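# Observations on chain architecture
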Amino acid sequence: MSPSGLHINKPAVIIIIGLISTVIFWYSYTSKSTTEQVETVSESGNMAVTEAMMKIMKDEPVPKEQTKDAGEGISLVYREVKPEGSKLDVLFLHGQAFEAKTWVSEPVFTLQLLNKVGYRAVALDLPGDKWKSKKPEKMENDVFLAKAITSLGLTKPVIVSPSMSGGFSLPFLFKDPSKVQEKSRGFVPVAPVNTEKYLDQYKSAHIPTMIIYGETDATLGKESLKNLKNLPNVTVIEELKGAGHACYMNSSLEFNKKLVDFLQSLK
Ligand SMILES: *[C@@H]1O[C@H](CO)[C@@H](O)[C@H](O)[C@H]1NC(C)=O
Ligand SMILES: *[C@@H]1O[C@H](CO)[C@@H](O)[C@H](O)[C@H]1NC(C)=O
């Protein structure tokens, strides 16, 4: 018995204090880390995309498939994120082997990411045998794209256009290069087809452009780069090391990083 009448079991007290501090430390560490990882804001106020952030994207709600009748025989199938306060719209097209769903799926999750960063984004299925949007057979691809953009209420969307979707984005943007700034705030060609068709138009098309392609994409990657370099406002050219034609699938973290940096660079 101690003089005060209390018996203090020192080892037990030490163990209890140890346990309590471990729990407090663990709780504050885990609850803080999620927000800290997601909000990696640089000095310029821009958000940097990190690997930790991409891991969290797996648990974000997947934007559901939506359908819209745009009139004139057009029906649109798409996925969309619409964060509050967005100041920029982004439209994602897709390549031959892909679809709108690609942009909300493993490993890219680009729509979920843009939702977090604060940009409205739509991934649109293109019309064709394999995809879900529809257009009258005789309607030109650029007419379809213009009507889709209006119907979805997108304002001068930045257009991300891989591979086969060049058949839509390039005529839409470059048939009349003097109007390109009224149509889009920026262009992200990802080794699109048909770049050789608009060589005469590029020099008068003032649109901020980031060319992005895979290092091992020896055909379309290199050829589209050579042609699109003639655009006067190519601000960034990115070659993703070790990535193939679908470079956003092979180097998704790098792709997302570059894309978000480019979007944040647009005024
Ligand atoms: C394109 O670049 C020129 C100079 O090279 C600049 O004057 C113009 O503002 C730029 N346009 C856009 C839309 O960025
Ligand atoms: C890139 O990803 C695609 C689609 O997942 C795959 O088929 C291809 O083999 C990959 N290429 C490289 C170079 O990793």
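Reading the values: the criteria
- Every chain is numbered on its own, with residues counted from 1 as its sequence reads.
- Lettering for chains starts from A, numbering for ligands starts from 1, and both go in the order in which the items are written.
- Selection of residues for local features in this predicted model requires a pLDDT of at least 70, selection of side-chain atom pairs for listing and counting requires 80 or more, and totals for whole chains, interfaces and linings are taken over all residues.
- Computation of side-chain values: all heavy atoms of the structure, hydrogens and water removed.
- In these notes, residues near a molecule or strand are those with any non-hydrogen atom within 4 Å of it.
- As used in this structure description, the phrase polar contact means that two N or O atoms lie within 3.5 Å; if the pair is within protein, one of them must be able to donate a hydrogen and the other to accept it, and residues adjacent in sequence are counted only when both atoms belong to side chains.
- Computed with a 1.4 Å probe, the accessible areas rest on the Shrake-Rupley method; for each residue, only the protein chains presented here act as cover.
- All axes here are fitted lines through C-alpha atoms, helices being fitted over the stretch that makes contact, and every angle between N-to-C directions spans 0 to 180 degrees.
- Numbering goes from the N terminus for both helices and strands, where a helix is a DSSP run of H or I of at least four residues and a strand is a run of E of at least two.
- Each angle gets one of four labels, with under 35 degrees taken as roughly parallel, over 145 as roughly antiparallel, 65 to 115 as roughly perpendicular, and the rest as oblique.
- Note: crossing handedness is left-handed where the near helix turns anticlockwise from the far helix by less than a right angle, and right-handed where it turns clockwise.
- The contact criterion used throughout is that any non-hydrogen atoms of two residues lie within 4.5 Å.
- Ten residue types, Ala, Val, Leu, Ile, Met, Phe, Trp, Tyr, Cys and Pro, are classed as nonpolar, four, Asp, Glu, Lys and Arg, as charged, and the remainder, Gly among them, as polar.
- Accessibility here uses a 1.4 Å probe with only protein chains present; expressed as a share of the type maximum, an area under 20% marks a residue as buried, one over 50% as exposed, and anything in between as partly exposed.
- Think of it this way: a Phe, Tyr or Trp ring, Trp meaning its six-membered ring, pairs with another when their centres are within 6.5 Å, and the plane angle makes it stacked under 30 degrees, edge-to-face over 60, tilted otherwise.
- Two conditions define a charge located above a ring, namely a distance within 6 Å from the ring centre to NZ of Lys or CZ of Arg, and an angle within 35 degrees of the ring normal.
- Side-chain atoms within 4.5 Å are what join buried Ala, Val, Leu, Ile, Met, Phe, Trp, Tyr and Cys residues into a set we call a nonpolar core.
- By definition here, a salt bridge exists when the distance from a side-chain nitrogen of Lys or Arg to a carboxyl oxygen of Asp or Glu is within 4 Å.

Our focus in this paragraph is the site of ligand 1. Residues in contact with ligand 1, as listed here, are Q181, H206, P208 and N233. Within the contact set of ligand 1, an oxygen atom lies 2.4 Å away from a side-chain nitrogen or oxygen of N233. Protein coverage of the free-state accessible area of ligand 1, which is 360 Å², stands at 38%.

So, about the packing of helix α3 (residues 110-117) against helix α10 (residues 252-265). Running from N to C, α3 and α10 point in directions that differ by 40°, and their axes come no closer than 11 Å. Classified by the angle between their axes, α3 and α10 sit oblique to one another. Note on packing geometry: the crossing formed by α3 with α10 is right-handed. Counting all contacts with α3, which are made through T110, L113, L114 and V117, the residues of α10 involved are N256, L259, V260, L263 and Q264.

Turning to the site of ligand 2, a few remarks are in order. Ligand 2 sits among G242, G244, M249 and N250. At a separation of 2.3 Å, an oxygen atom of ligand 2 approaches a polar side-chain atom of N250. Bound to the protein, ligand 2 loses 39% of the 360 Å² it would expose on its own. Its residues placed into classes, the shell around ligand 2 shows 1 nonpolar, 3 polar and no charged.

Quick look at the side chain of S184 now. For S184, the location among the structural elements is in the loop between α6 (180-183) and β6 (187-190). The class of S184 is buried, set by a relative accessible area of 3%. A distance of 2.8 Å separates a polar atom in the side chain of S184 from the backbone oxygen of P157. Ignoring anything within four residues of it in the chain, the contact list for S184 reads K156, P157, V158, I159, L173 and I207.

You can see S133 is positioned in the loop between β4 (120-124) and α4 (141-151). Within the local environment of S133, its side chain forms a polar contact with the backbone nitrogen of V77, the two atoms lying 2.9 Å apart. Separated by 2.7 Å, the side chain of S133 and the backbone oxygen of D125 make a polar contact.

At a minimum axis distance of 8 Å, the contact between α4 and helix α5 (residues 166-174) shows a crossing angle of 80°. Here α4 is positioned roughly perpendicular relative to α5, judged by the angle of their axes. Packed against α4, whose contacting residues are N141, D142, F144, L145, A146 and I149, the element α5 presents G167, F168, S169, P171 and F172 at the interface. Its residues assigned to classes, the contact of α4 with α5 comprises 7 nonpolar, 3 polar and 1 charged.

Once that is clear, we can look at the packing of aromatic side chains. Taken as a whole and judged by the stated rule, the model has 8 aromatic pairs. Taken together, the aromatic side chains of F92, F98, W103, Y248 and F255 make up a single cluster linked through ring pairs. The residue whose ring lies beneath K183 is F172, and the NZ or CZ to ring-centre distance is 5.2 Å.

Summarising the element assignment, M47 is placed in the loop between α1 (10-38) and α2 (51-57). When its relative accessible area of 14% is taken as the criterion, M47 is described as buried. C-alpha separation for the pair M47 and V117, spaced 70 residues apart in sequence, amounts to 6.9 Å.

Another point: the nonpolar core. The biggest cluster of nonpolar side chains holds 38 residues, and the ones touching the most others in it are V90, F92, V160, V188, F255 and L263. Considering each element in turn, this core owes the most residues, 5 residues, to α10. Not counting chain neighbours up to four residues away, the residues in contact with F255 comprise W103, V160, V190, I212, L240, C247 and Y248.

To continue, consider the pattern of salt bridges. Evaluated as defined, the whole model comprises 13 salt bridges. In this structure, the salt-bridge partner of E65 is K132, at a minimum N-O distance of 2.8 Å. Of the two residues, E65 sits in the loop between α2 and β1 (66-71) while K132 sits in the loop between β4 and α4, which places them 67 residues apart along the sequence. Classification of K132 as partly exposed rests on a relative accessible area of 38%. The residue E80 makes a salt bridge to R120 at a minimum N-O spacing of 2.7 Å. Highlighted residues: E80 in strand β2 (residues 74-81) and R120 in strand β4, separated in sequence by 40 residues. Neither E80 nor R120 differs from the other in exposure class; each is buried. Salt bridges linked by common partners bring E238, E254, K257 and K258 together as one network.

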